[in-house]
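Coordinates in review
Listed below, chain by chain, are the residues.
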4 protein chains.
Amino acid sequence: KKKKKSLERSLRISFTSASYTDSSDDETSPRDKQQKNSKGNGDFCIKNIKQADFGRREIEIAEQEMPALMALRKRAQGEKPLAGAKIVGCTHITAQTAVLMETLSALGAQCRWAACNIYSTQNEVAAALAEGGEAHVFAWKGESEDDFWWCIDRCVNVEGWQPNMILDDGGDLTHWIYKKYPSMFKKIKGIVEESVTGVHRLYQLSKAGKLCVPAMNVNDSVTKQKFDNLYCCRESILDGLKRTTDVMFGGKQVVVCGYGEVGKGCCAALKAMGSIVYVTEIDPICALQACMDGFRLVKLTEVIRQVDIVITCTGNKNVVVRENLDRMKNGCIVCNMGHSNTEIDVASLRTPELTWERVRSQVDHVIWPDGKRIVLLAEGRLLNLSCSTVPTFVLSITATTQALALIELYNAPEGRYKQDVYLLPKKMDEYVASLHLPTFDAHLTELSDEQAKYLGLNKNGPFKPNYYR
Amino acid sequence: KKKKKSLERSLRISFTSASYTDSSDDETSPRDKQQKNSKGNGDFCIKNIKQADFGRREIEIAEQEMPALMALRKRAQGEKPLAGAKIVGCTHITAQTAVLMETLSALGAQCRWAACNIYSTQNEVAAALAEGGEAHVFAWKGESEDDFWWCIDRCVNVEGWQPNMILDDGGDLTHWIYKKYPSMFKKIKGIVEESVTGVHRLYQLSKAGKLCVPAMNVNDSVTKQKFDNLYCCRESILDGLKRTTDVMFGGKQVVVCGYGEVGKGCCAALKAMGSIVYVTEIDPICALQACMDGFRLVKLTEVIRQVDIVITCTGNKNVVVRENLDRMKNGCIVCNMGHSNTEIDVASLRTPELTWERVRSQVDHVIWPDGKRIVLLAEGRLLNLSCSTVPTFVLSITATTQALALIELYNAPEGRYKQDVYLLPKKMDEYVASLHLPTFDAHLTELSDEQAKYLGLNKNGPFKPNYYR
Amino acid sequence: KKKKKSLERSLRISFTSASYTDSSDDETSPRDKQQKNSKGNGDFCIKNIKQADFGRREIEIAEQEMPALMALRKRAQGEKPLAGAKIVGCTHITAQTAVLMETLSALGAQCRWAACNIYSTQNEVAAALAEGGEAHVFAWKGESEDDFWWCIDRCVNVEGWQPNMILDDGGDLTHWIYKKYPSMFKKIKGIVEESVTGVHRLYQLSKAGKLCVPAMNVNDSVTKQKFDNLYCCRESILDGLKRTTDVMFGGKQVVVCGYGEVGKGCCAALKAMGSIVYVTEIDPICALQACMDGFRLVKLTEVIRQVDIVITCTGNKNVVVRENLDRMKNGCIVCNMGHSNTEIDVASLRTPELTWERVRSQVDHVIWPDGKRIVLLAEGRLLNLSCSTVPTFVLSITATTQALALIELYNAPEGRYKQDVYLLPKKMDEYVASLHLPTFDAHLTELSDEQAKYLGLNKNGPFKPNYYR
Amino acid sequence: KKKKKSLERSLRISFTSASYTDSSDDETSPRDKQQKNSKGNGDFCIKNIKQADFGRREIEIAEQEMPALMALRKRAQGEKPLAGAKIVGCTHITAQTAVLMETLSALGAQCRWAACNIYSTQNEVAAALAEGGEAHVFAWKGESEDDFWWCIDRCVNVEGWQPNMILDDGGDLTHWIYKKYPSMFKKIKGIVEESVTGVHRLYQLSKAGKLCVPAMNVNDSVTKQKFDNLYCCRESILDGLKRTTDVMFGGKQVVVCGYGEVGKGCCAALKAMGSIVYVTEIDPICALQACMDGFRLVKLTEVIRQVDIVITCTGNKNVVVRENLDRMKNGCIVCNMGHSNTEIDVASLRTPELTWERVRSQVDHVIWPDGKRIVLLAEGRLLNLSCSTVPTFVLSITATTQALALIELYNAPEGRYKQDVYLLPKKMDEYVASLHLPTFDAHLTELSDEQAKYLGLNKNGPFKPNYYR
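Computed from a predicted structure; not experimentally measured.

The next thing to look at is the relation of the copies chain C and chain B. Note on the copies: chain C fits chain B at an RMSD of 0.1 Å, the axial shift is 0.0 Å, and the rotation between them is 180°. The transformation just described matches what one would write down for a two-fold rotation axis. Rotation axis and chain C: the residue whose C-alpha lies nearest the axis is Ala272 of chain C, separated from it by 2.8 Å. Here 100% of the contact residues of chain C are again contact residues in chain B; the copies associate through an equivalent surface.

On to the UniProt feature "binding site: NAD(+)" (unreviewed entry) in chain A, then. Under the local residue numbering, the UniProt record ascribes the feature "binding site: NAD(+)" (unreviewed entry) to Gly260, Glu261, Val262, Gly263, Lys264, Gly265, Glu281 and Asn384 of chain A. By the element assignment, Gly260 of chain A lies in the loop between strand E7 (253-257) and helix H10 (261-272). The buried category is assigned to Gly260 of chain A, whose relative accessible area is 18%. Tracing the backbone shows Glu281 of chain A in the loop between strand E8 (276-280) and helix H11 (284-292). With relative accessibility at 7%, the residue Glu281 of chain A sits in the buried group. Discounting residues that sit within four places of it in the chain, Glu281 of chain A has contacts with Gly258, Tyr259, Gly260, Cys286, Ala287 and Leu297 of chain A together with Leu444 and Thr445 of chain B.

The next subject is the packing of helix H6 (residues 145-156) of chain B against helix H7 (residues 172-180) of chain B. Residues and elements named next belong to chain B. Direction vectors running N to C along H6 and H7 enclose 70°, while the axes themselves pass 10 Å from each other. Relative to H7, H6 is oriented roughly perpendicular. When you trace H6 past H7, the crossing you get is right-handed. Packed against H6, whose contacting residues are Phe148, Trp149, Ile152, Asp153 and Val156, the element H7 presents Asp172, Leu173, His175, Trp176 and Ile177 at the interface.

Residues and elements named next belong to chain D. For strand E14 (residues 373-377), the tally of buried residues reaches 5 of 5 residues, placing the bulk of the element in the interior. A two-sided burial pattern is seen for E14, the buried positions comprising Arg373, Val375 and Leu377 on one face and Ile374 and Leu376 on the other. As paired elements, strand E11 (residues 333-336) and E14 share 2 bridges and run parallel to each other. Within E14, the residue paired with Ile333 across the bridge is Val375. Across 5 bridges, strand E13 (residues 363-367) lies against E14 in antiparallel orientation. Residue pairing in the sheet places Val366 in a bridge with Ile374 of E14. Linking E13 to E14, which pair antiparallel, is a turn of 5 residues; within it Gly371 sits at a positive phi near 95°.

This part covers the packing of helix H9 (residues 222-245) of chain C against helix H15 (residues 392-411) of chain C. Residue and element names in this part refer to chain C. With their axes 9 Å apart at the nearest point, H9 and H15 run at an angle of 165° to one another. Relative to H15, H9 is oriented roughly antiparallel. Judged by the twist between their axes, the crossing of H9 over H15 is left-handed. Of the residues in H15, those touching H9 at Thr223, Lys224, Phe227, Asp228 and Cys232 are Phe393, Val394, Ile397 and Thr398. Of the residues assigned to the contact of H9 with H15, the class counts are 5 nonpolar, 2 polar and 2 charged.

Let us now look at the interface of chain C and chain B. How big an interface is tends to be stated in terms of accessible area lost as the parts join. With 38 residues of chain C at the interface, the matching set in chain B holds 38 residues. Taken together, the two surfaces of chain C and chain B that pack against each other cover about 3,200 Å², and 51% of this comes from carbon and sulfur. Counting the surface chain C buries against chain B, the share from its top three residues, Glu235, Met248 and Met273 of chain C, is 19%. The interface formed by chain C and chain B includes 6 salt bridges. With a closest N to O distance of 2.7 Å, Asp246 of chain C and Arg243 of chain B form a salt bridge. Here chain C is connected to chain B by 14 residue pairs in polar contact (both at pLDDT 80 or more).

Within the UniProt annotation, "domain: S-adenosyl-L-homocysteine hydrolase NAD binding" (unreviewed entry) is assigned to residues 229-390 of chain A. When the span residues 229-390 of chain A is considered, its composition is 32% helix and 22% strand, and the gap between its end C-alpha atoms is 11 Å.

Counting residues at the interface gives 57 residues for chain B and 57 residues for chain A. Counting the surface lost from both chain B and chain A, the interface buries some 5,300 Å², and carbon and sulfur atoms represent 60% of this. At the junction of chain B and chain A, the tally comes to 8 salt bridges. Among the ionic pairs, Lys317 of chain A bridges to Glu450 of chain B, the shortest N-O distance being 3.4 Å. When residues of the side of chain B that touches chain A are traced back to their parent elements, those giving at least two are helix H9 (222-245), helix H11 (284-292), strand E9 (296-297), helix H16 (426-436) and helix H17 (449-455) of chain B. When residues of the side of chain B that touches chain A are assigned to their parent elements, the largest contribution, 8 residues, is made by H11 of chain B.

For an α-helix, 3.6 residues make a turn, and residues three or four places apart therefore share a direction. Looking only at helix H3 (residues 67-75) of chain B, the buried set comprises Ala68, Leu69, Leu72 and Arg73 of chain B. All buried residues of H3 of chain B lie within an arc of 145° about the axis, which places them on one face of the element.

This part covers unusual backbone geometry. Cis peptide bonds are those with omega within 30 degrees of zero, and the linkage from Gly461 of chain A to Pro462 of chain A qualifies with 0°. Within the secondary structure layout, Pro462 of chain A lies in the segment after helix H17 (449-455). Positive phi, close to 70°, is recorded for Gln362 of chain A, a residue that is not glycine. Secondary-structure assignment places Gln362 of chain A in the loop between strand E12 (355-360) and strand E13 (363-367). The phi torsion at Ala378 of chain C lies on the positive side, around 55°, for a residue other than glycine. Mapped onto the elements, Ala378 of chain C comes out in the loop between strand E14 (373-377) and helix H14 (383-386).

Cut-offs and rules
Residues numbered from 1 in each chain as written. Chains lettered and ligands numbered in written order. Predicted model: local features only at pLDDT ≥ 70, side-chain atom pairs only at ≥ 80, totals over all residues. Heavy atoms only, no water. Least-squares fit on C-alpha atoms with pLDDT ≥ 70 in both. Contact = heavy atoms within 4.5 Å. UniProt positions renumbered as here; feature names shortened; annotations may be inferred. Helix = DSSP H or I, 4+ residues; strand = E, 2+ residues; numbered from the N terminus. Buried < 20%, exposed > 50% of the residue type's maximum accessible area, 1.4 Å probe, protein only. Axes fitted to C-alpha atoms, helices over the stretch in contact; angles between N-to-C directions. Parallel < 35°, antiparallel > 145°, perpendicular 65-115°, else oblique. Left-handed = near helix turned anticlockwise from the far one by under 90°. Pairing = 2+ DSSP bridges. Nonpolar A, V, L, I, M, F, W, Y, C, P; charged D, E, K, R; others polar. Buried area = accessible area lost by both parts, 1.4 Å probe. Salt bridge = Lys/Arg side-chain N within 4 Å of Asp/Glu carboxyl O. Polar contact = N/O pair within 3.5 Å; in protein donor to acceptor, adjacent residues only side chain to side chain. Arc of directions from axis to C-beta.

Structure below.
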């Protein structure tokens, strides 16, 4: 299971870093190299320190679309809310996370960092971080499984330094400490976890009574959910389809399977571009929303012969099966925006009578004996991770949430958080949103005292109940 | 407080019944009349039994847009889930509630009904119900306060008949029984309450430990919330503005105060019709949504001089105050889609230097000394209740929810519901939605066994957690 | 043929004037009354001078949405481009034309006016004009055929006064002068004609060599065409459907017959409100546009059984015939936005087995023997004239065009216009548009000298070739 | 002037062919190579015959989105409307033009072809054509100026073969024949010209009385105009911005200079994706349209400090000048969708105090002394040619128009066309559209005899006057 996820992530990264400098010539393992930056510091392990300049520019570009973190840095000139924090992190090492790391550092923290995925490290960015000296990075693109755990270990197993905060994406770092250095948890004030998988693991630990520090689930914050799904997909479905197929959207017939937030985003974008969109749903409430939003609600079989594009967004498995694929018309594009790689039964296409032809990166033509071609994107994996970009602005929201969760857990008075998994307090969720408003030159209205009293709200929020979406 | 609400409701009704037969000539109180229908039955009290035919046609027209209730009737031909139920109801008496009452009757219930508002009864519909004999109705348009309670009392204070279910809208009926006939609660299996106010009262009773039967809060069901707000407002804002002012939407500058569900509906409709829409918000999360949806987020004062239309949707008070009104440009339209009549400080316009001119029903010109005119709609009360129509389809969803809640409470095995306030089970919420899909010729997809197992769901739902919106 | 047109116009007017004062009691013909205003002037013939105040307010309200004419008045404070003009007009007498007349007067003209339709006069407005004394009006609502021509004659047959300009809508005034006072044309400098019918007559005269003065066809100016069709219909289709049927648009299936400007406006509005729209077309170019805009292009018979609403916009006849009507589903709404009353074969519904039921003004239920009901609007006549409002802003464009055409013809140096029919010069068309921009607080960019030279354009326009649409 | 155009075209091609096989190693000029395909034929001159297979697949993919040409081929199985035609062509040599050439061949023509641009040839496609033997191709990517004319000459200067039809794109081929082989025009039946430049040259020849054969201007056909501008730009503005900058559209403030067809397409797409769009215009009619469509009409200086993206679509020069660029905010993206490379005064940015940084292909950061960066795309050249794709479907419309124009001119009875420049007959324009409808599974309605008579139209069209747009 882990491998598939890794692959997807690596695809995302490999695409977005397509324009980066190539470092494929050098075959020496970073572990065997002497590591030293221009200041003589060598407490890191990366591919090639010479790429630092290139990486620095990428970080600077990312900074421009991560206004909230930059705002946090500014406020930190006075106080250092993370002074004394020793953060060990395990995430993708990209320009965006570099902005996060350097922000944590500016807030007073010391950081040591490994990659959460063996392919996802942008070597140039790692080099820039190593050169800057703000974060001790142990990561490169193309680590072996052994390298992967070696890097994590180098982050935590340091003489004279012990982490007191964990920032994890997937739970591998947390798992490693549990397994190898359980006593470290005595000094650790909390865990911040971003991924669905990692959060799941934490809830299991909690249920089993084995969670020994407070943990913050930042995956389920309102802001992140809304942005990662509805708005992000609204843009990435168009981008993903164009980059792979150059398809014209106007007049195309499209069926979108599933009308959750992802499906809503896809449908809105395609309708806006002049496509005719059909929706399939299992949940009558979402189905009724699709109707009211102006989409014909159908069963897949009703439209499968006529549509030009099939998009899955259900979170389910085998939503598009071989029988459906057999009936699609020539040239039909099939892709997945939903969940993992289960939604389209791609395995069913690996039969002798069908010919596969790789026509571009991430684009396969699957050819039937009668000559009919299906255009399969990303082999059924997530289109928006594989073939389009995730806007930096969306990543900024996640990174800001992570930073605030770290600050909250690190500074919380004893007893506020127990050995359990917490959602980010609503008020901080609202704070993350407020930090992103200046990007849009947006001006928030303030409640008067009288109004706050009338509504029974604090003037500074939270403004909605926790369950509000 | 009650009076204002009554007024608003009466306005809604008076508008939608504008085409109805006039019965204003007859000044005799229904209480003083002999009441008898063509079958000789007289256990009701209405204005004029001769209007029955007209009312019947209105009911028939409403039936066409209330497919879910009609579907329930059909299924009831075999079993009668409300056999033995003795329902006393207190709601608006309109063509739509008539369809509900006659459905309850078809499901096996006996019904006695009063009006929850002294102005809202459609006399013709009451007559049709009385003539039909399915429901014993005690209601007419223009009741006095005394009449109001007299009618309620006639519903419950019957020899040889005692209610075992309550359907209430506003809590007055429940209140009356608590006050006058508390012992009746011994036989009552449950209360179904629709209104915000009534639900609030029930929670208070519950908190105080005084709620002696289970109660179902149907106001907060997902389906009702989504439809009453987002979709209903999307249509009624346009209708309300056109009917009152004939304003052209294209190119108009509009500021919408508040970007909750109501504001989202208003903004979407106006943007779609070519208006330029600005949004004000206090909640940074909703504010960020407004930005992502393509609206400039401003403070009211920034745009107040330039906008052509001001719409309040905040649920707050004094959102538009005299100072704002003073700065609006000549001809600016001001209206409220939000909450009660508090949002616009209309009282501040009742000063000697301003002239009020009633130019149409629900439309006032407020004229400044320099000749500037503000076009104030519905005196700041709810535009969509006062000046536009609430689609029958939306009312259908509410009525179906009420019917299912009654069935659920009436048939629930002992112990399932305690003396508390419950939300409609998610599954029944989904069922209400599913009953409305055939209207759109919408075809739901069914989970396969394998898929249901993969998702950890029952094939028949519920498909989402309770908190899902 | 004339009668039908009259009826349609009268319906439009009767609706929009619904809130007006009722004057039905007075049965004396205006021709038999003594006519005198408060200044003692009596050179007019109207229903009731006492209604002048009400009419004046209506005119003032209209002035607020006719900014271009008001701007012309302001400029006229210096020069009077119509000084010496003696204009005889024959148009609908509404608040909007009153603003036009009083503008012409402010520009220096003397005006005498009759109604172009026996039902369309707003008596209160006529009274206000008579009281104001700026225009001599001879018109009332409910004229007989004889009255109609008597009024026209009173405008032109005046001792000591002879018109030198004609403003006509339908060609009746022009026809009357041709027939009765042909010698008048010696002094007449030109005719401005607005209607399709009137323009057609002028082209016929021109072809026959009988047109003896220049004429300006203002019906085909770009601004008028674009506004009267695309934008006006975008708004009025929604308004027309709501006012008559209160139908909810979300999720409704609609077929729009014809994808010209009118169809484009209807489709855009309905799609925006969440309807699912199908289009029929005969012209492959418009058909391809419909496809690219995201509409399924079908034959009517393919969708007739499933749609909730049928709208005709073709300009053709028998687009919806009995066979189609027989197949529609119960409750289907049928209406016409296109042309005259030919598009729906209403006559085919006048058969014994079908029952007609008038349920509201302009709404008939046609009932099949099996109980199926079709909801027919305005008996197949134009929905937007009969059942919705034409925004004053749109009428403003037409009125401004008329005013400018009069100024142009009146002031043109001899020889610029011959005895032929002309389109409004492109530059004046652009000028009409520019006069309406301030309504939207719109700021036009000016060409620099260098840019104008580069484009080969005059800095003040015209900016596009004549054929540009 | 020619060079700039060439560069732009080459950029377009180089981008879209990014995935193609690299043939950069082989430095021998094709003119010096032995040319021979697998059948032993060598009457062509291309880069490398071994790339034929790859090129063939590209052609096959293109065929799938060029349904109209494929339909023409099918009909040609019976009759050969181009039997005897000897066509010499000079266009871009791409997969799409290959489909055109092979269609002409299937219709009976013999073809010889050169490239109209020294960079635009897709070598693989040229190889496939050479291998197929249907068209004699003389073209490769990276021709010298001398090669360019040599290739054209090889097409026309053939022993025993003389062209009787010309298909030109830019007028170079026509020019060459005029200059070198004027006597050839005796046998030539007509010229079909696609480009603005080429059409301009033809009109000049015609004016000068030097045009000695009929010519067809296919650039100005309705279908082509509407598709190339409105619909194509609606898609390519999003694609162009995403591919170059990965910018998120939601909430971005954008100013679009010019509201012609191109501007309308850009504005519609960006508004639909949640951007806030401002428009500048010089033409009051287009300005009024922008207002009615819901865009604030401003002068560029009013919004230049606040916008995130500036897009020029005016066809004018110096629309964005240094003064504007100086005021833009940090990170502002500047690009051109309009005309040539004149709209943005890029030259003004070539000053010593500004630093240029090439961050990606087609993306420059221009950096002010204070650190402000402007993101300039494609150095101000056309974004959609340089950085996004032109959908094959749009090219299909142009190619079909060219094929039909060739058929029309070749088969026209003597005297139908004189030595002049013609627009494609309206009916053929409609026919091109009709051939593209099956792609959308669109079903055209046919006029009944009665309807055709009523409208005064032929049942088979043309359905609109020539000036209709």
